[in-house]
Amino acid sequence: MTELSDILKARIADTGPISMFEYMDMALAHPKFGYYQNTDPFGKNGDFITAPEISQMFGELIGLWCVDCWIKLGTPSHFHLMELGPGNGTLMCDALRSSALAPDFLNAAKIHMVESSERLANIQQKNLSSYAVQWHSEIPKFEDGPIIVIANEFFDALPIQQFERHEGKWFERLITVEDNFFSYTTAEKPTETDLFKFSENTVFEEESIAEVNPLAREIVSFLATIISEQGGAALCIDYGPMESALGDSFQAVQNHKFVDALQTPGSADLTAHVDFKTLSDIAKNLGCSSLPLSTQGRFLERLGIEARFWQLSKNADAYQKEKIANDMKRLISTQEMGTLFKALSFYSGMQEPPSGFGE
Ligand SMILES: C[S@@+](CC[C@H](N)C(=O)[O-])C[C@H]1O[C@@H](n2cnc3c(N)ncnc32)[C@H](O)[C@@H]1O
């Protein structure tokens, strides 16, 4: 049991069952005992590994994707380049290195990192010390200029709500304490909701579960409003299905293994699938364009990961060559991250759509 368990249990004893949103929010982002504030999550000795931590090719290609967007925006002399939830800052480091091929891009960019964990923001500051970067704990308001936004495995780390179907109605799933252990329960009264947009033929069986990520919806609305008014593009890479789907995707990972999400709040990474379809519909309704989702594998292939692989391999020894090849495979193979992870972009004010999507 963790210190955060005691805080959550005291709260439940005081005011009754809490929403999954509150549980997940406290477990991940509590300023003292939250997962991202307390642990070193990334890599072999951490709990999980993300694409930029697997290979420099990931961030480098995204850097070039940003340069391409900037060119299609008409090479503005000032624009905002923002990353949401940057972890160790590896993606932005690699992206800025590759985008140095276009010095005017770097000169025009005002770089912003949005990070809620003070501990991770400190690590990012060390890793990006040679660049002029502004840090924010929340997405800032941008008065002027286009924005280019990147978010890798950010939306899956935001707290969700779950609803359970009973007798044709949706009841919010809550977390309570039974025999000193956290367990699931449901609200006594149903929630009147038009939050879900499943396809017409979806069958709602008894005990079906539907998920909502309210912050993801809010953030995409905020960004899409700016992008449709001031121009720009957003790239969100995360894991989730192609179409909105029913089901419980709430999961906890510790030390590279799945664990019980209610066992040790604050010491395991908690995530849920991203509902890309809903997010892209929100962006389109606010005036942005959005191309059909791409798998991560095809997105990276379209951006030229194989060419970058050959270039990196040229001067590598046999051991390094094998490692670079394995890393690429991990990013694009359908058996690994290639299909599970998807790329979504929404954009406005561009002469052509962003690269990496399409046939
Ligand atoms: C799974 S990690 C992804 C890290 C990085 N993008 C990568 O690919 O390696 C999630 C990141 O989002 C940050 N984060 C989570 N919730 C946030 C919020 N509401 N606002 C800003 N950052 C947040 C975490 O602190 C962490 O840096």
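These remarks concern the structure in this document. None of these values were measured; they are calculated from a predicted model. (Residues numbered from 1 in each chain as written. Predicted model: local features only at pLDDT ≥ 70, side-chain atom pairs only at ≥ 80, totals over all residues. Heavy atoms only, no water.)

### Quick word on the overall build of the protein
Rules: By the criteria applied, helices consist of DSSP H or I runs no shorter than four residues and strands consist of E runs no shorter than two, each listed in order from the N terminus. To get the radius of gyration, use the C-alpha atoms; to get the globule rule, take the number of residues to the power 0.38 and multiply by 2.2 Å. Residue exposure (1.4 Å probe, protein chains only): buried if accessible area is under 20% of the type maximum, exposed if over 50%, otherwise partly exposed.
A tally of helices and strands in the protein yields 14 helices and 16 strands. Taken over the C-alpha trace, the protein has a radius of gyration of 21 Å; the compact-globule value for 359 residues is 21 Å, and the two agree within 12%. By its C-alpha atoms, the protein is 60 × 45 × 40 Å across when sized along the principal axes. Classification of the 359 residues of the protein by burial places 55% in the buried group.

### Focus on the pattern of salt bridges
Where we set the bar: By convention in these notes, a salt bridge is any Lys or Arg side-chain nitrogen within 4 Å of a carboxyl oxygen on Asp or Glu.
The full count for this structure, using the stated rule, is eleven salt bridges. The salt bridge involving Lys72 is made with Asp68; its shortest N-O contact spans 2.7 Å. Placement of both Lys72 and Asp68 in helix H5 (residues 56-72) is noted, with a separation of four residues, approximately one turn of the helix. Of the residues examined, Asp68 reaches a relative accessible area of 22% and is grouped as partly exposed. Arg97 is the partner of Asp94 in a salt bridge, and the nearest nitrogen-oxygen pair spans 3.0 Å. Separated by three residues within a single helix, Asp94 and Arg97 lie in helix H6 (residues 90-99), roughly one turn from each other. Overall, Arg97 belongs to the partly exposed group, its relative accessible area being 41%. The structure contains a network of salt bridges with shared partners spanning Glu60, Asp94, Arg97 and Arg308.

### Considerations on helix H10 (residues 276-285)
Structural remark: α-helix, 3.6 residues per turn; residues separated by three or four positions point the same way. Put simply, the test is: Contacts between residues were defined by any pair of non-hydrogen atoms, one from each residue, lying within 4.5 Å.
If you check which residues of H10 are buried, you get Phe276, Thr278, Leu279, Ser280, Ile282 and Ala283. Its buried side turned inward, H10 meets helix H9 (214-230), strand E10 (232-239), strand E14 (289-290) and strand E16 (341-348).

### So, the packing of aromatic side chains
The criterion, for reference: Any pair of Phe, Tyr and Trp rings, taking the six-membered ring for Trp, is counted once the centres come within 6.5 Å. Such a pair is stacked with planes under 30 degrees apart, edge-to-face with planes over 60 apart, and tilted for the rest.
Tallying each qualifying case throughout the model produces ten aromatic pairs. Seen in terms of ring centroids, Phe42 and Phe48 are 5.5 Å apart; in terms of plane orientation they differ by 75°. Their pairing is edge-to-face. Just as Phe42 is buried, Phe48 falls in that class too. Pairing Phe299 with Phe357 gives two aromatic rings, centres 5.3 Å apart and planes at 50°, and the pair type is tilted. One end of the pair, Phe299, is in helix H11 (residues 296-303); the other, Phe357, is in the segment after E16, with 58 residues separating them in the sequence. What links up through ring pairs into an aromatic cluster is the set Trp70, Phe79 and Phe105.

### Notes on the state of the cysteines
Put simply, the rule is: Cysteine sulfurs are considered disulfide-paired once they come within 2.5 Å of each other.
Under the defined criterion, the tally for this structure stands at zero disulfides. Cys66 takes part in no disulfide bond, and the closest cysteine sulfur, belonging to Cys69, lies 6.3 Å away. Not engaged in a disulfide, the cysteine Cys288 finds its nearest cysteine sulfur in Cys236; these two sulfurs lie 11 Å apart. The class of Cys288 is buried, set by a relative accessible area of 6%.

### Notes on the site of the ligand
Note the threshold: Whether a residue is near a molecule or strand depends on its heavy atoms: it is near if one of them lies within 4 Å of it. Accessible surface is estimated by sampling points in the Shrake-Rupley manner with a 1.4 Å probe; for residues, cover comes only from the protein chains shown. Ten residues, namely Ala, Val, Leu, Ile, Met, Phe, Trp, Tyr, Cys and Pro, are considered nonpolar, four, namely Asp, Glu, Lys and Arg, are considered charged, and the remaining ones, Gly among them, are considered polar.
Near the ligand, the surroundings consist of 18 residues, among which Thr50, Gly85, Gly87, Glu115 and Asn152 are the closest. Protein burial of the ligand: of its 600 Å² of free accessible surface, 92% is covered by the chains. For the shell around the ligand, the residue count by class is nine nonpolar, six polar and three charged.

### Section: the packing of helix H12 (residues 305-314) against helix H13 (residues 318-332)
Defined as follows: Axes here mean lines fitted to C-alpha atoms, for a helix over just the part in contact, with angles spanning 0 to 180 degrees between N-to-C directions. Should an angle fall under 35 degrees it is called roughly parallel, over 145 degrees roughly antiparallel, and 65 to 115 degrees roughly perpendicular, with every other angle called oblique. The hand of a helix crossing depends on one turn: near helix anticlockwise from the far one by less than a right angle means left-handed, and clockwise means right-handed.
Running from amino to carboxyl end, H12 crosses H13 at an angle of 165°, the nearest separation of the two axes being 10 Å. In terms of their interaxial angle, H12 and H13 are classed as roughly antiparallel. For the pair H12 and H13, the crossing hand works out as right-handed. Of H13, the residues touching H12 (which contributes Ile305, Glu306, Phe309, Leu312 and Ser313) are Lys321, Ile324, Ala325, Met328, Leu331 and Ile332. Taken together, the residues of the contact of H12 with H13 break down into eight nonpolar, one polar and two charged.

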